[in-house]
Structure formats: C-alpha cells, structure tokens
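# What the coordinates show
In case you want the letters, here they are:
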Amino acid sequence: MTLSVRYVDKMTAEPNRRTRTIMVFTPTRRPELTNVRRTNLWTSLTRLMEQGGVFISVLGTTKLGKSTLIRDALTTAAVTPYIPGQQLDKEGESALWARLAAALEIPASQQKGKVTGNKARWGVLARLGIGFSGTGASVTSSIGGEEHTDNSTSVTYDIDTPTAVTEALNLASQKAREDGENPPVIAIDDFHFVTDPGKRREIILALRPLADADVTVLLATLPGRETDAGFTDTNIGGRHQPLTVPTWNIEELTKIATIGFGKLKVTAPPDVTRRLARESHGSPQIMQQLCLNLCRDVNGVEDDASGVEVLKGPDDWNSFFRTIEDTHSLKWLQLLRGGLRARRERNFYEDDNGVRYDGYQLILFALHKLGSPDEIKFTQLKSKVAEIVKMRSSALGKYALEQKVRNMDILASRDMTNALERLADSEADTEDSLFTDEEIGLANLVPQPVLEAVDSGNDMTIRILDPLLAYALKWHPEAIHS
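About the criteria used
- Residues numbered from 1 in each chain as written.
- Predicted model: local features only at pLDDT ≥ 70, side-chain atom pairs only at ≥ 80, totals over all residues.
- Heavy atoms only, no water.
- Helix = DSSP H or I, 4+ residues; strand = E, 2+ residues; numbered from the N terminus.
- Contact = heavy atoms within 4.5 Å.
- Areas by Shrake-Rupley, 256 points an atom, 1.4 Å probe, with all protein chains shown as cover.
- Pairing = 2+ DSSP bridges.
- Axes fitted to C-alpha atoms, helices over the stretch in contact; angles between N-to-C directions.
- Parallel < 35°, antiparallel > 145°, perpendicular 65-115°, else oblique.
- Nonpolar A, V, L, I, M, F, W, Y, C, P; charged D, E, K, R; others polar.
- Buried < 20%, exposed > 50% of the residue type's maximum accessible area, 1.4 Å probe, protein only.
- Left-handed = near helix turned anticlockwise from the far one by under 90°.
- Polar contact = N/O pair within 3.5 Å; in protein donor to acceptor, adjacent residues only side chain to side chain.
- pLDDT = per-residue confidence, 0-100.
- Disulfide = S-S within 2.5 Å.

Right, let's get into the overall build of the protein. When you go through the protein residue by residue, the secondary structure sums to 18 helices and 15 strands. Of the contacts made within the protein by residues no fewer than 6 positions apart, 73% connect residues no fewer than 24 positions apart. Accessible surface for the protein amounts to roughly 23500 Å². Of this, 46% is attributable to carbon and sulfur atoms.

What holds strands together in a sheet is hydrogen bonding between their backbones, with the strands either parallel or antiparallel. Strand order in this open sheet of 5 strands is β2-β8-β9-β1-β10, and the pairing throughout is parallel. What marks the edges here is a single partner per strand, and that holds for β2 (82-84) and β10 (240-244). In this sheet, adjacent strand axes meet at a mean angle of 20 degrees when their direction is disregarded. In the packing of helix α5 (residues 93-103) onto the sheet, the strands contacted are β2 and β8 (185-189), and the crossing angle to β2 comes to about 140 degrees.

Let us look at the packing of helix α13 (residues 327-338) against helix α18 (residues 467-475). The interhelical angle for the contact between α13 and α18, taken along N-to-C directions, is 70 degrees, at an axis separation of 9 Å. With respect to α18, the element α13 is oriented roughly perpendicular. The segment α13 lies against α18, with S329, L330, W332, L333 and L336 engaging L468, L469, A472 and L473. Residue composition of the contact of α13 with α18, grouped by class: 8 nonpolar, 1 polar and no charged.

So, on to unusual backbone geometry. Notably, K63 is not glycine yet its phi reads approximately 65 degrees, a positive angle. Turning to its location among the elements, K63 is positioned in the loop between β1 (55-59) and α4 (66-74). Judged by its relative accessible area of 28%, K63 falls in the partly exposed class. With a phi angle near 50 degrees, D190 is a residue other than glycine that sits in the positive phi range. Here D190 is to be found in the loop between β8 and α8 (197-212).

Let's shift gears to the packing of α5 against helix α7 (residues 161-179). Look at α5 against α7: their axes get within 9 Å of each other, and the N-to-C directions meet at 50 degrees. What the angle tells us is that α5 and α7 run oblique. Once α5 is placed against α7, the crossing between them reads as left-handed. Contacts between α5 and α7 involve W97, L100 and A101 from the former and T161, P162, V165 and T166 from the latter.

Once that is clear, we can look at the environment of F321. Residue position: F321 is located in helix α12 (residues 317-322). In this structure the C-alpha to C-alpha distance between F321 and H476, which are 155 residues apart in sequence, comes to 9.6 Å. Contacts of F321, omitting those with residues within four sequence positions, involve R275, L276, E279, L290, Y471 and W475.

Our next topic: the environment of D89. Counting through the fold element by element, D89 comes out in the loop between β2 and α5. Taking C-alpha positions, D89 is 9.0 Å from H192, a pair spaced 103 residues apart along the chain. Polar side-chain contacts of D89 include one of 2.9 Å to the backbone nitrogen of T195.

Turning to the confidence of the model for the protein, a few remarks are in order. Per-residue pLDDT for the protein averages 83, and the proportion of residues at 70 or more is 81%. Here residues 132-154 is a poorly scored stretch, pLDDT under 50, and it has 46 contacts once near neighbours within four places are set aside; other chains count. Here residues 427-445 scores under 50 on pLDDT; set against residues more than four positions off or in separate chains, the count is 27 contacts.

Further remarks concern the state of the cysteines. A covalent bond between the sulfur atoms of two cysteines is referred to as a disulfide. Enumeration over the complete set of coordinates arrives at 0 disulfides. The structure places no disulfide on C291, whose sulfur is separated from the nearest cysteine sulfur, that of C295, by 6.7 Å. When its relative accessible area of 0% is taken as the criterion, C291 is described as buried. Accessibility expressed as a relative area gives 0% for C295, which makes it buried.

Take a look at the structure:
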C-alpha cells in the first residue's frame, strides 16, 4: 500500500473558512496577504547581485522591510549564507569564517580552526553536486598555498577554515557560471552591529578574495553608511555599490491598505486611506497597525464576512492616531528628555502656560513641531528652537543645544552597545549557535539605535532611525514633559 501525502493551502481548501482581519494586517510579523514588493528597489538590488563580485551596502532605517527585501532577494541564488551582524561584533574575522563554515555545512573545528576530512562531508558541495564520483567534476585548488587535485571523495584534507570556505565558494561560483545561474551571495544583516570600524574593515578585507570569485556581498546597515570607515584602504574601488532603501511613499503604503481591504471584502474612501499613509512615517509596520485599528476598532470588521461594505474614518482622527502607544518608544522619549547627568544647573525656558523646558526638551519639542522628520540638519532644528523661545539663534548658547544633541546620540546607542556586550559575554561556541529562520525574521536579538547625530560638512545631521519613535514624538508630545 502506498501512502500518499498531499499538502494543501487551508485558505483555498476550505471554501467556507473566513479570512480574519488579524491575518490580513500583521504589524507584529511578516505580512503574507498584504506583502507589497517594491518593484524598482527589488529590480535594482537583484541586478546588482547578478553581476557578482560586488559589495552592496543596503542602507535604511528600521521597520522599512529591509531584512524582508534581502531575504526575498536571496531566493534568486542557490548558495546564500546569512549572518546576523551581532555575531561578528566581538571576534570579527574569526567569527566570520566560523559562521560561513557553519552556513555552508563545512565541518570545521572552532578550537583548531581546521577542516579535516573530505569533500563528501561538505554539505554545500553535496547539494550542488560538486566533487563527487559520477559528476565529472574535477576539483583543483591552490588557495592558501595548499595544492591538491582529486576526482573522487577519497582524498582527505587538513586545511584552515578560511581556505575551506573560500574554496567551497569558488567552486559554487564556478558551478553557477556553468549552469547560467546567479553567483553565491553572502548577506550580513545589521552590519552596524559591528561597532568597531577596524573590525568592519577586517571583515571587508577578508571577504575581498570571495568577491574576486564572483561572490556577491550584501551588507544591511543604517543610513549614511555610503562611506563607511570600514571600507577605508580596502581597495574595493568600483565594487562597492550603496543602495538606499527609502521610507515608503504614499502610493506604496496605500497598496497595503487596498490589497488588505480587498481580502476583507471592504473598501475605503481614498482620502481615508491616504491619511493613514501620510501618518505612517514611511513605515509599512505602522501602516499595517493603522489599517488593523481602522477595521476592527472603528468599523467592527473582524473578518471577511462582516457585512461592512465601505469603511468609515474615525470621528476623532487625533484620538485615533493616539491609540498607537508603543511603550518602547515612549520610554525612549523619557530617556532622551532626561539627557546625561547634569554637571551643573540646567537652563530652562518657560512658555506662556508655565510649562518649563530644558535644552533636551526643547530639542524634542522642536522635532515634534517640525513633524518628527526622519532626517534634519542641526541648523534647521536650531532655527525652530529659536522660534519657540522667541530669540535669535545666536543667543541660544546657554542651552548648549549642539552638545545635548551629541549626548542624545550617546544615549540612543547605549542600549545597542550594552546588549552586544552582554551577547558576547554569554554566547556559546559560534558553531553551535546557529539562528533559526524565525529568529532571523524577528530581528530583535539586539536593539537597534533609535537616533543618531552625524557630522556632515559644516553642519550636523540628526536622524530618527526608528519610525515608531518619530510617530510617538508626533502623537505623544506629553512624553517630553511627563
């Protein structure tokens, strides 16, 4: 008797099954029914990847779908080692080779830094059919000064891990070229978690020989890293291609709503949908949450059998937008408004209602009044503060605004830095600590920095790196005071 197992999609296999609203709009997990592909961005990334031998810095703030974009792009190649950047912060290059060996299923001894055995035990070569009897593949290597040739699985090896990894990826690249497929891709997510520029440079230099073998290197990181100090004196030259993942535009965000509303058999007036998009701060995650709240809380739509045909907007838009209260972001506002411990009495401004602001609170209040932009020059911020306190910009010295912005930058990165240190102290052997797909997808292993201040020419650039922080700053300004 033959047992036949048939896998079916429950959504299509059960005609009477209802589509629940919470399954359509999913702000806390990767969307499936409302996944919108940013076609131009996807095309730009995949075309760069197809070239091979290129370093691609994928630049963007958090919660823009950067990791989802990269993970989707990795499906275009057969060999795609993925490494979370936090795993490289402490050890740099040595951790890189250990993680690559594990991802390629090359049995390396971390203690000895050696690969002993034969290619029959290299999982990546087995999957690609390289170096095995009957394939006709003859493997020749002169990497790292160790030369050998074999036509079977009988020859044994005792080589260092970098040599083994480089050899395996060389062979994978050769196989991809022969088969007309895309070259291998190494993806390092959250490359900014490698906080030491020297270690970032060490990792880039280590990856150069792999790029010479047509391997593509993806480095997902934060905005403004087009000229990362890690690329200094690496002779990468024209091989480094920055690709910016911008905040989502209104049209892209409204697609989320349009697709989702269609799944729920409802529609919404265009002005309602666009208003949700305008207040999402370019974040699909926030748009998902606003659409969910509009359906369930305002219109009572729990599934596609609600009987509602046209969604109405809330009676009080301000109250509606304030219903999103991200406790993490509110705590960040409280932390940033407190600043670093003062060495002397702070100077305060008191408004017409008797509310007092020190320099940190003035900075946050000015950002609020400016609409919580994701990026702004310090001179623009200073002008807004001058407008608030009704004095010339040249007279703001007593508030020490520039120094306070730099202090906020320190505060905003401290959470990430401390977490990386704790991770390094508690981490098990690298080869035994592989991440699951679920852990990679969550991408919450180490907190992302929420704000940064970077010198740029004669001015300083202030970036809000978390759209949820920008949202909280706009809709919960009371957190600046309370």
